[in-house]
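# Analysis of the macromolecular model
Residue-level listing of the chains:
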Amino acid sequence: MSIIYDGSLDKIVYKTVFGETMEALAKADPDVVYLDADLMASIGTRDFWKRNPKQAINCGIAEANMIGVAAGLSSAGKKPYCHTFGPFASRRVFDQAFLSVAYGGNNVRIFGSDPGVTAAFNGGTHMPFEDIALYRAVPNATVLEISDGAMLKTLMWQLKDYKGLSYTRLTRKAYPTIYSDDHKFTIGKGEVVRAGKDAAIIACGLMVGEAMAAAQTLAAEGVDVQVIDMFTIKPLDVDLVLNAAKTGMLITAENHNIIGGLGDAVAATLLEAGVSPKFKRIGVNDRFGQVGPQDFLQKEYGLTAENIVNTLRGMA
């Protein structure tokens, strides 16, 4: 297993990975059931649904009802996986996820696709910058964000027998390749994807690739930057955060509102431990989303390698 980042995008888009993995899960375990809110064509599961009508349910454009159905299936011993776009998988279904799943002690895996700026032309209504914050506030919930295709496949399998409510953010498209296909992940533990002693970047999802690009730029200037993929945002890998703080300069980078997301989780960890490196949060600065191509939106909200580089330069 290894880190194989070279800046190039994954060759297979993640909706294909999701659909193929979902079908493999259902084949391997008859208790696996897939539920979708009328977006099977968008996430690559429509053919799977046609081939496996007893293990796949199109709940229609009724997202809250989908989560209620999933909770009921879990209580009957099934292993439900649910998908819809990120805003509908979080704020629209929040009451059902909180009460019927988490409070009810059920085991449901919720996947929210196209988080933050990756919603692009679907615009502000479909652009969740608050979903991590919502699910972090649910007692005992697990909150994940996918950073490449190898991770998506592996974590989907790991979640099959995972207990409780989990929420996973993923794009339907592709991010830069970070890991080899045989890389092993542990939920609750971050990944050091680049070693470094002068500063550290703790990133998730889209921003892991941007952090790696930023670290390469800074390396050419003689600055040795550590990059951590904090793919599990809750529970947070506290030991890894505190180790990164030993560099003396630390930033977080996320495709999410800086309020309530990865940056706040890291900041609270540092404060409670009495550790005080130079610290900055990069993310969406308490704004709504908007329509536009993803590259424009990343620049608009400062979610770029260039902004990471400039931020670290300003902290030195």
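Right, let's walk through the structure included here. (Residues numbered from 1 in each chain as written. Predicted model: local features only at pLDDT ≥ 70, side-chain atom pairs only at ≥ 80, totals over all residues. Heavy atoms only, no water.)

## Observations regarding the nonpolar core
Applicable threshold: By nonpolar core is meant a set of buried Ala, Val, Leu, Ile, Met, Phe, Trp, Tyr and Cys residues that side-chain atoms within 4.5 Å join together. Three labels apply to residues, based on accessible area from a 1.4 Å probe with only protein chains included: buried if under 20% of the type maximum, exposed if over 50%, partly exposed otherwise in between. Helix and strand assignments come from DSSP, with helices taken as H or I runs of at least 4 residues and strands as E runs of at least 2, each series counted from the N terminus. For the domain bounds, the source is a domain assignment made automatically or taken from a database. Only heavy atoms enter the contact rule, under which two residues are in contact if any of them lie within 4.5 Å.
The biggest cluster of nonpolar side chains holds 61 residues, and the ones touching the most others in it are Tyr34, Ile201, Ile308 and Leu312. With eight residues, the top contributor of residues to this core is helix α9 (residues 206-219). Both domains that furnish three or more residues to this core are identified here as domain 1 (14-170) and domain 2 (191-315). If we ignore the near neighbours within four places in the chain, the residues touching Ile201 are Ala211, Val225, Gln226, Val227, Ile228, Ile251, Ala253, Ile308 and Leu312. By size, the runner-up hydrophobic cluster in this structure holds 39 residues, among which are Cys59, Ile132, Ala141 and Ala200.

## Observations regarding the sheet that holds strand β6 (residues 165-170)
As a reminder, the rule being used: For two strands to be treated as a pair, DSSP must find no fewer than two bridges joining them. Interaxial angle, 0 to 180 degrees, is taken between N-to-C directions of lines fitted to C-alpha atoms, where a helix line uses only the stretch in contact.
Pairing in this open sheet of seven strands is mixed, and the strands run β2-β1-β3-β4-β6-β5-β10 from one edge to the other. Either end of the sheet is taken by a strand with one partner, and the two such strands are β2 (56-58) and β10 (232-234). Each strand of the sheet is rotated relative to its neighbour by a mean of 20 degrees, with strand direction disregarded. Here strand β5 (residues 142-145) runs beside β10; their pairing, made up of two bridges, is antiparallel.

## Focus on the pattern of salt bridges
Here is the rule we go by: Only one rule defines a salt bridge in this text: a Lys or Arg side-chain nitrogen within 4 Å of an Asp or Glu carboxyl oxygen.
Applying the stated criterion to the full structure yields 16 salt bridges. Asp131 is the salt-bridge partner of Arg169, the closest N and O atoms lying 2.9 Å from each other. Taken as a pair, Arg169 in strand β6 and Asp131 in helix α7 (residues 131-136) lie far apart in primary sequence, 38 residues in all. As far as the burial class goes, Arg169 and Asp131 line up, both buried. In this structure, Asp161 engages Lys160 in a salt bridge whose closest nitrogen and oxygen atoms are separated by 3.1 Å. Since its relative accessible area comes to 45%, Asp161 is described here as partly exposed. One connected set of salt bridges, linked through shared partners, spans Asp29, Lys79, Lys160 and Asp161.

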